Amino acid sequence: MGRARRFQWPLLLLWAAAAGPGAGQEVQTENVTVAEGGVAEITCRLHQYDGSIVVIQNPARQTLFFNGTRALKDERFQLEEFSPRRVRIRLSDARLEDEGGYFCQLYTEDTHHQIATLTVLVAPENPVVELSCLVPRSRPAATLRWYRDRKELKGVSSGQENGKVWSVASTVRFRVDRKDDGGIVICEAQNQALPSGHSKQTQYVLDVQYSPTARIHASQAVVREGDTLVLTCAVTGNPRPNQIRWNRGNESLPERAEAVGETLTLPGLVSADNGTYTCETSNKHGHARALYVLVVYDPGAVVEAQTSVPYAIVGGILALLVFLIICVLVGMVWCSVRQKGSYLTHEASGLDEQGEAREAFLNGSDGHKRKEEFFI
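Residues numbered from 1 in each chain as written. Predicted model: local features only at pLDDT ≥ 70, side-chain atom pairs only at ≥ 80, totals over all residues. Heavy atoms only, no water.

As annotated in an unreviewed UniProt entry, the protein chain carries the name Cell adhesion molecule 4 and is attributed to Equus caballus. Annotation of the protein chain in UniProt includes, under Subcellular location (unreviewed entry), the sentence "Membrane". Per UniProt, the protein chain carries the Sequence similarities (unreviewed entry) text "Belongs to the nectin family." (UniProt positions renumbered as here; feature names shortened; annotations may be inferred.)

Okay, here's the thing in structure tokens:
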């Protein structure tokens, strides 16, 4: 077999030399590790490829692809690349039954094949808590009930008679996640020996441990030169992280910066302080990091931009007024020319129109006394 090299999650790659005689490697495969429900890429690298047939088979030796053509009707497998140098298929929604060796076969004069092993990991489900409650002596046998957030839980009880008294036990199982940390579960015991409405109780405080989270809160939304900015890294986790580390990308923190626990204070901001600030924390269950991008604004540039706006508005208004005045002057000239032209036309028409005007005044129209005036 070939040498093994480990790569960072999500893929663990194993390079293997092709089987069979000959110094040249014809097929090279990569082993893949994927989480259940995730996406895996299975790759076959081809060397000295001459156009021969390439077949990809699943662990059951069913053909998935024959020379780039789908052979098995499982849409979770998709052919991503088929080239003279590489064949790459993509598996979506990986399942446990997909685990095993995938065969990459190259049919030349000598058949070459290699196996890419797919490993499917299964993330743990939410933990199941089992609590037990025991009442060693009671008569008659005590009745045990479980409560969580004032809601009754279904438990499994058993009892044993010891002489004249009873020993009663009960267990309860339920799932928990991080929001249940610090929650209270109550076991309650009752029988006729207690006054009506009374009971004896035992409380259980849930201790749910989980990996941390981190989030950065800034003291102000907009920061300008000369301001003081305080960044707070809010972390959660059980056990609670007790160390917080502040960084600024690939650069060191400004010399004026004061990092104390969960707070980072940046006094007298300048544009040189711009950058991406991170806070990191961890506990035994995991690691968390939060980012904050700092952009310092120059107040002088802001004021200059604001004062330039009124001048632009005033200039636009003046231009509009000049345009309107020109339009009015053009309209007045046009009207003057039009009226003068009409006067000359009527004057040239002579007495004929005067007669028509006089006749219309005397006779009227339609028997109504209506005066119509014509100006010539």
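**Examining the state of the cysteines**
In this structure the tally under the stated criterion is two disulfides. There is a disulfide in this structure between C133 and C187, and the S-S distance comes to 1.9 Å. Since a negative S-S torsion denotes a left-handed disulfide, the C133-C187 link at about -85° is left-handed. Taken together, the residues span a long stretch of sequence, with C133 in strand β11 (residues 128-138) and C187 in strand β16 (residues 184-190) at a distance of 54 residues. (Disulfide = S-S within 2.5 Å. Helix = DSSP H or I, 4+ residues; strand = E, 2+ residues; numbered from the N terminus.)

**Digging into the packing of aromatic side chains**
The final tally for this structure, using the stated rule, is two aromatic pairs. Look at F77 and Y102: their rings are 6.2 Å apart centre to centre, the planes differ by 45°, and that puts the pair in the tilted class. Residue F77 is found in strand β7 (residues 77-82), and its partner Y102 is found in strand β9 (residues 100-107); the two are separated by 25 residues along the sequence. Given the relative accessible area of 4%, F77 is considered buried. Using a relative accessible area of 2% as the deciding quantity, one classes Y102 as buried. Ring plane angle 40° and centroid distance 5.8 Å describe the contact between W146 and Y204, whose orientation is recorded as tilted. Here W146, found in strand β12 (residues 143-148), pairs with Y204, found in strand β17 (residues 200-205); they are 58 residues apart in sequence, far enough to count as distant. Accessibility expressed as a relative area gives 22% for Y204, which makes it partly exposed. The lysine or arginine in question, R61, covers the ring of F103, its NZ or CZ lying 3.8 Å from the ring centre. (Phe/Tyr/Trp six-rings, centres within 6.5 Å; stacked < 30°, edge-to-face > 60°. Buried < 20%, exposed > 50% of the residue type's maximum accessible area, 1.4 Å probe, protein only. Lys NZ or Arg CZ within 6 Å of the ring centre and 35° of its normal.)

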